[in-house]
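# A closer look at the structure
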There are 2 protein chains.
Amino acid sequence: MIGGGQLARMMIPAAIELGVDIRVLAEAEGMSAAIAADRVGDYTDLDTVLAFARGVDVITFDHEHVPQDVLRALVDAGVAVRPGPDPLRFAQDKLLMRERLSELGLPVPDWARIETPAELDEFIAAHGGAAVVKTPRGGYDGKGVRVVRTAAEVAEWFVAASEDGRDGALLVEELVDFRRELAQMVARRPSGEIVAWPLVETVQVGGVCSEVIAPAPHSAGRMSDVAAEIAFAVAEGLEVTGVMAVELFETTDERILINELAMRPHNSGHWSMDGATTGQFEQHLRAVLDLPLGGTGTHADWSVMVNVLGGPVEGSLADRYAAALEQHPTVKLHNYGKAPRPGRKVGHVTAIGDDLDAVVYEARAAAAAFQD
Amino acid sequence: MIGGGQLARMMIPAAIELGVDIRVLAEAEGMSAAIAADRVGDYTDLDTVLAFARGVDVITFDHEHVPQDVLRALVDAGVAVRPGPDPLRFAQDKLLMRERLSELGLPVPDWARIETPAELDEFIAAHGGAAVVKTPRGGYDGKGVRVVRTAAEVAEWFVAASEDGRDGALLVEELVDFRRELAQMVARRPSGEIVAWPLVETVQVGGVCSEVIAPAPHSAGRMSDVAAEIAFAVAEGLEVTGVMAVELFETTDERILINELAMRPHNSGHWSMDGATTGQFEQHLRAVLDLPLGGTGTHADWSVMVNVLGGPVEGSLADRYAAALEQHPTVKLHNYGKAPRPGRKVGHVTAIGDDLDAVVYEARAAAAAFQD
């Protein structure tokens, strides 16, 4: 696994139980996944990545930032890279993603490739006076995304885009009038087998996921069928292997539009570790190893995951254990082993049960017990 | 954790999720828990164990074989040892255990301390012509236990017992006419909090656990209440900290008698990893760290665990994955990372659900898929 963050960390328990020898190429010492860090190095350096790859059967990822030239050199060297460079291009570049999804006839917000402020202002005028501008690459957790009413608000983005050695284009999308955000997690193996977990509702605060409800309330029937069809079409159309999250908008006029893709385990799937027969980390391992996929049924009617964002202002998460674990004996805590810092994802909690109100209350209260 | 076997291995995922830094003193390189092996050394060597202990806050165990003098030296050096030397004495020496449980007024099979063949023959004559002889120390998985009809059958055990530098005594017990075997798992923390999982039925083949059904069928009500009371009394009477298994006989005349104690996670509790809110490995960590204990409710009406004993005659468990995982997508596999060998516990599977017959069938079929 390339990358030593919390996704790599949570892959380790799944690997241990499944009997898979997992090794991590970490960016630095002491990261979340340090216990399995085989080596520390720069994932943009081909020699470092090739040396790491020589010791493993399959390469997969904690993030989508490994450069295309490194990915393609791995493939040329005979390494199994999953997901491969072709699908990863679409997770790395939002303009390419929008183009490809449109080609596939999948529902996306109205969008355009823009190279000048004039083009942006024209798009804004044609879309009710506001739009969402995105840098095609490098954004995450709300970074690289801005709602604008005039091109002047992102003047510096045009400058940066034209200076980064690529083609200087930005992505602009309609400001979708959405009722809520949803996410559909699926897993696909190279041989083609594909499975879906239940459609979930995700709650974002300031561009960062704060809460996930599985399944999404009031989604049974047509809505969940449509979401699964969309995610299957994306996974098959882009030949994704491993776990993938398709982030969706449910519009006020009851359409479902694709927002973003993540070709790896994703925050919107953390609930599955405690709420489903097969958690997303075990499933990702099965998928990238081309093993049969596990069942995606649930343990209870409802699972609610709440992120621990920031953690205590002073001290560590562990300082809160005595009180938090006593008050919430049925909540599952996942501590990422990271130092608290405002806004940082340092852990998450999951509650499950058959009464949604009670489960939401319990998960939120438990997460709050680890924060100030 | 002292000892690098499968119990240490299965503690690692729980430690990662709970944010506990776990280090293992393994007996050899390449053991089940190698990923967390901080060092390799002899757990009977005080200097080795003391050096290991210097780097940790709490010492706990994968097995009960650390000598008393080493345990007491750790305590004298200020190390938190959980469970401590006092309770561990009773898990290490079956004669001491029987004496103490009898003092506590707890139900045990009729037993005696014997030092001569004549005493054994006398006990046999008084108990219907048969008895069970046990070496007080060192037995496990049926080793050191023999059903006899005359003292001559264990003549060499008396010689060995008198030569081992201790007092030469053996334990003899009545051959209990039991309907089935049960096990009650509990967890107790130093501050006194104590919880129980549901009473389970265990099936032994040739002295080795082959299958566990949780909860034990037809045990609701009086029987499970009695079992929990017994286990609580043992844990409190012996001041056990951590997880403890009390193995029980259900007699044909509907009494419950204590068979053996294990003061650590135990095969009879493996089902809890997939079938309960808190698995025994997470609970053991909470208990030995004196953290609040987790809920012991279940995900489904029934959980059935079946051991994978031996594994394939040729090749590895992984060679069976393609077929076994495809046929059993809802079964959870735990691979101990050990080379297959006849009779060896190399893994286990757990199935859960609300139809006992279906769950038993599924778990047995999945385990069989990993064996010849």
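An unreviewed UniProt entry lists chain A under the name N5-carboxyaminoimidazole ribonucleotide synthase, with Agromyces aureus as the source organism. We quote the UniProt Sequence similarities (unreviewed entry) comment for chain A here in full: "Belongs to the PurK/PurT family." Recorded in UniProt for chain A, the comment headed Catalytic activity (unreviewed entry) runs: "5-amino-1-(5-phospho-beta-D-ribosyl)imidazole + hydrogencarbonate + ATP = 5-carboxyamino-1-(5-phospho-D-ribosyl)imidazole + ADP + phosphate + 2 H(+)".

### Side note on the interface of chain B and chain A
Accessible area lost when the parts come together is the quantity often used to give the size of an interface. With 33 residues of chain B at the contact, the number on the chain A side is 33 residues. Both sides of the chain B and chain A interface together cover about 2,800 Å² of buried area, and 59% of this is carbon and sulfur. By the criterion of area lost to chain A, the three top residues of chain B are Ile16, Glu17 and Ile35 of chain B, representing 23% of everything that side buries. The interface formed by chain B and chain A contains 2 salt bridges. Along the contact surface separating chain B from chain A lie 14 residue pairs in polar contact (both at pLDDT 80 or more). When residues of the side of chain B that touches chain A are traced back to their parent elements, those giving at least two are helix H1 (6-18), helix H10 (280-288), helix H11 (321-327) and strand E16 (332-335) of chain B.

### Digging into the packing of helix H4 (residues 85-92) of chain B against helix H5 (residues 94-103) of chain B
All names here are of chain B. Where H4 meets H5, the closest approach of the two axes is 5 Å, and the angle between their N-to-C directions is 110 degrees. The angle between H4 and H5 falls in the class roughly perpendicular. Across from Arg89, Phe90 and Gln92 in H4, the residues of H5 making contact are Lys94, Leu96, Met97 and Arg100. In terms of residue class, the contact of H4 with H5 is built from 3 nonpolar, 1 polar and 3 charged.

### Brief notes about the relation of the copies chain B and chain A
In screw terms, the move from chain B to chain A is a rotation of 180 degrees and a rise of 0.0 Å along the axis, fitting with an RMSD of 0.0 Å. Each copy turns onto its partner about a two-fold axis. The position closest to the rotation axis in chain B is occupied by the C-alpha of Pro13 of chain B, lying 2.1 Å away. Here 100% of the contact residues of chain B are again contact residues in chain A; the copies associate through an equivalent surface.

### Some remarks on the pattern of salt bridges
All names here are of chain A. In the structure shown here, the tally under the stated rule is 46 salt bridges over all chains. Note that Asp86 is salt-bridged to Arg72, the shortest N-O span being 2.9 Å. You can see Asp86 sitting in helix H4 (residues 85-92) and its partner Arg72 sitting in helix H3 (residues 68-76), a full 14 residues away along the chain. Salt-bridge contacts for Arg113 lead to Glu115; the nearest nitrogen and oxygen are separated by 3.5 Å. For Arg113, a relative accessible area of 35% corresponds to the partly exposed category. Overall, Glu115 belongs to the partly exposed group, its relative accessible area being 42%. Salt bridges sharing common partners tie together Lys94, Arg98, Lys134, Glu173 and Glu260.

### Focus: the pairing of strand E12 (residues 208-214) of chain A
Residues and elements named next belong to chain A. Burial within E12 is extensive, with 7 of its 7 residues counted as buried. In this structure, strand E11 (residues 200-205) lies alongside E12, joined through 5 bridges in antiparallel fashion. Residue pairing across strands places Glu201 opposite Ile213, the latter belonging to E12. The hairpin formed by E11 and E12 contains 2 residues between the paired strands, and Gly206 there has a positive phi angle of roughly 60 degrees.

### Let's talk about the sheet that holds strand E6 (residues 131-134) of chain B
Within a sheet, neighbouring strands are paired by backbone hydrogen bonds and run either parallel or antiparallel to one another. Residues and elements named next belong to chain B. Spatially, 4 strands are ordered E5-E8-E6-E7 in an open sheet, and the strand pairing comes out antiparallel. Either end of the sheet is taken by a strand with one partner, and the two such strands are strand E5 (111-114) and strand E7 (145-148). Here the average twist between neighbouring strands, direction ignored, is 25 degrees. Here E6 runs beside E7; their pairing, made up of 4 bridges, is antiparallel. Each bridged residue has a counterpart across the sheet, and for Ala131 the counterpart in E7 is Val148.

### A look at the nonpolar core
Buried together is how nonpolar side chains tend to be arranged in soluble globular proteins. Membership of the largest hydrophobic core comes to 82 residues, with the highest contact counts inside it found for Val349 of chain A together with Val349 of chain B. When near neighbours in sequence (up to four residues on either side) are disregarded, Val349 of chain B contacts Val304, Met305, Val306, Val308, Val331, Lys332, Leu333, Ala363, Ala366, Ala367 and Phe370 of chain B. Formed by 43 residues, the second largest nonpolar core is a distinct cluster that contains Phe90, Val240, Val246 and Met263 of chain A.

### Side note on the sheet that holds strand E6 (residues 131-134) of chain A
Residue and element names in this part refer to chain A. In spatial order, the strands read E5-E8-E6-E7; together these 4 strands make up an open sheet with antiparallel pairing. The open sheet has two edge strands, strand E5 (111-114) and strand E7 (145-148), and neither has a second partner. Along the sheet, successive strands turn relative to each other by an average axial angle of 25 degrees, direction set aside. Here helix H5 (residues 94-103) sits on the sheet in contact with E5, E6, E7 and strand E8 (170-174), set at roughly 135 degrees to E5.

### Thoughts on the UniProt feature "binding site: ATP" (unreviewed entry) in chain A
All names here are of chain A. UniProt annotation of "binding site: ATP" (unreviewed entry) refers to Lys94, Lys134, Glu173, Glu174, Leu175, Val176, Glu181, Asn259 and Glu260 when read in the numbering used here. Given the relative accessible area of 3%, Glu173 is considered buried. Discounting residues that sit within four places of it in the chain, Glu173 has contacts with Arg98, Pro109, Asp110, Trp111, Phe123, Ala131, Val132 and Lys134. Residue placement: Asn259 occurs in strand E14 (residues 256-262). For Asn259, a relative accessible area of 9% puts it in the buried group.

### Re unusual backbone geometry
Cis geometry is found at the peptide bond from Arg82 of chain A to Pro83 of chain A, where omega equals -5 degrees. Looking at the element boundaries, Pro83 of chain A is found in the loop between strand E4 (80-81) and H4. Despite not being glycine, His218 of chain A has its phi angle at roughly 55 degrees, a positive value. Take His218 of chain A: it is sitting in the loop between E12 and helix H8 (222-237). Residues other than glycine seldom take positive phi values, yet Glu254 of chain B does so here, at roughly 65 degrees. Here Glu254 of chain B lies in the loop between strand E13 (242-251) and strand E14 (256-262).

### Some points on the side chain of Ser32 of chain A
Residues and elements named next belong to chain A. Residue placement: Ser32 occurs in the loop between strand E1 (24-26) and strand E2 (37-40). A distance of 2.6 Å separates a polar side-chain atom of Ser32 from the backbone oxygen of Tyr336. Every residue in contact with Ser32, bar those within four places of it in the chain, is listed here: Gly4, Gly5, Gln6, Arg9, Tyr336 and Lys338.

About the criteria used
Residues numbered from 1 in each chain as written. Chains lettered and ligands numbered in written order. Predicted model: local features only at pLDDT ≥ 70, side-chain atom pairs only at ≥ 80, totals over all residues. Heavy atoms only, no water. UniProt positions renumbered as here; feature names shortened; annotations may be inferred. Contact = heavy atoms within 4.5 Å. Buried area = accessible area lost by both parts, 1.4 Å probe. Salt bridge = Lys/Arg side-chain N within 4 Å of Asp/Glu carboxyl O. Polar contact = N/O pair within 3.5 Å; in protein donor to acceptor, adjacent residues only side chain to side chain. Helix = DSSP H or I, 4+ residues; strand = E, 2+ residues; numbered from the N terminus. Axes fitted to C-alpha atoms, helices over the stretch in contact; angles between N-to-C directions. Parallel < 35°, antiparallel > 145°, perpendicular 65-115°, else oblique. Nonpolar A, V, L, I, M, F, W, Y, C, P; charged D, E, K, R; others polar. Least-squares fit on C-alpha atoms with pLDDT ≥ 70 in both. Buried < 20%, exposed > 50% of the residue type's maximum accessible area, 1.4 Å probe, protein only. Pairing = 2+ DSSP bridges. Core = buried A, V, L, I, M, F, W, Y, C linked by side-chain atoms within 4.5 Å.

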